[in-house]
Amino acid sequence: AAAAPAVGNIRILSMASPGAVSTQQAQALLNSGKLSQDDVKYFRLYINAETSLSQAKTMKQASREVLEGDSKQGQKGLTTYRKNVAAFLADGNKYLARREMSGLVRFIDSHSAKLGAMNAALESSKQTGRTYHIFKDESGEWQSKELPEGTKNFKRKKGEYLIDAR
């Protein structure tokens, strides 16, 4: 009975300040087995909403990086490749245009492999209910790996992703 006021306060906090309660904290509450049916329903919806928002932000950022690149990281996007190829061809510089096209092909191949790893992770997450880490291995190949049970505060590096279909 003592948990009810505390849970109510956490629920109010999560409504008043979305993001103040992490999905891990909400999951811990669900796992406690001490919630009312209404609280269980609310925190499941909360986790789904927060996870969807996080994935949407990640996808928006990824889309922007694919189109525009990331000049701070020295990465070109599709728009830059397109402009460069057009400019080199307009200048009659076939060598640089071909070189830029080769870069574009590598870019597309890498992003296709990343998408493949993400799709595989999404399907695995749907089946297992677990979180998957998408990253490039030492050889530069995209991989997906299940995060170990109980992983807390996992820090992903730039260009890495977490997929959770829950």
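In case you missed it, the structure is sitting above this.
Report follows, based on the coordinates.

The rules we used
Residues numbered from 1 in each chain as written. Predicted model: local features only at pLDDT ≥ 70, side-chain atom pairs only at ≥ 80, totals over all residues. Heavy atoms only, no water. Pairing = 2+ DSSP bridges. Helix = DSSP H or I, 4+ residues; strand = E, 2+ residues; numbered from the N terminus. Axes fitted to C-alpha atoms, helices over the stretch in contact; angles between N-to-C directions. Contact = heavy atoms within 4.5 Å. Buried < 20%, exposed > 50% of the residue type's maximum accessible area, 1.4 Å probe, protein only. Phe/Tyr/Trp six-rings, centres within 6.5 Å; stacked < 30°, edge-to-face > 60°. Core = buried A, V, L, I, M, F, W, Y, C linked by side-chain atoms within 4.5 Å.

1. As for the sheet that holds strand β3 (residues 131-136)
(1) Moving on: Pairing within the open sheet is antiparallel, and its three strands lie in the order β4-β3-β5. Edge positions in the sheet fall to β4 (142-146) and β5 (161-164), since each of these pairs with one other strand and no more. On average, each strand axis in the sheet is inclined to that of its neighbour by 25 degrees, with strand direction left out of account.
(2) Moving on: Pairing of β3 with β4, which is carried by five bridges, proceeds in the antiparallel orientation. In the sheet register, Lys136 faces β4, and the bridge partner there is Trp142.
(3) Moving on: Where helix α5 (residues 94-128) meets the sheet, it contacts β3, β4 and β5, and its direction lies at approximately 165 degrees from that of β3.

2. What about the environment of Ala97?
(1) Moving on: With respect to the helices and strands, the residue Ala97 is situated in helix α5.
(2) Moving on: A sequence separation of 10 residues divides Ala97 from Ala87, and the C-alpha atoms of the two residues are 8.2 Å apart.
(3) Moving on: The contact partners of Ala97, leaving out residues within four places of it in the chain, are Val85, Phe88 and Leu89.

3. What to know about the side chain of Asp39
(1) Moving on: Mapped onto the elements, Asp39 comes out in helix α3 (residues 37-68).
(2) Moving on: Setting aside anything within four residues of it in sequence, one finds Asp39 in contact with Val7 and Arg11.

4. Some points on the environment of Ala117
(1) Moving on: Looking at the secondary structure, you find Ala117 in helix α5.
(2) Moving on: You can call Ala117 buried: its relative accessible area is 8%.
(3) Moving on: Considering only alpha carbons, one finds Ala117 and Trp142, 25 residues apart in sequence, at a separation of 6.2 Å.
(4) Moving on: Sequence-distant contacts of Ala117, that is, excluding residues within four places in its chain, are made with Ile134, Trp142, Gln143 and Ser144.

5. Structural notes on the packing of aromatic side chains
(1) Moving on: Using the criterion set out here, one finds three aromatic pairs in the structure.
(2) Moving on: Measuring from ring centre to ring centre gives 5.1 Å for Tyr42 and Phe43, while their planes differ by 80 degrees; the resulting arrangement is edge-to-face.
(3) Moving on: Ring pairing ties together the aromatic residues Tyr42, Phe43 and Tyr46, which thus form one cluster.

6. Some points on the nonpolar core
(1) Moving on: Residues Val7, Val21, Ala26, Leu29, Leu30, Leu35, Tyr42, Phe43, Tyr46 and Ile47 constitute the largest nonpolar core, which totals 10 residues.
(2) Moving on: For this core, the elements supplying multiple residues, two or more each, are α2 (23-32) and α3.
(3) Moving on: Broken down by element, the residue count for this core peaks at four residues, all from α3.
(4) Moving on: Counting residues in hydrophobic clusters, the runner-up holds nine residues, among them Met118, Tyr132, Ile134 and Ile163.

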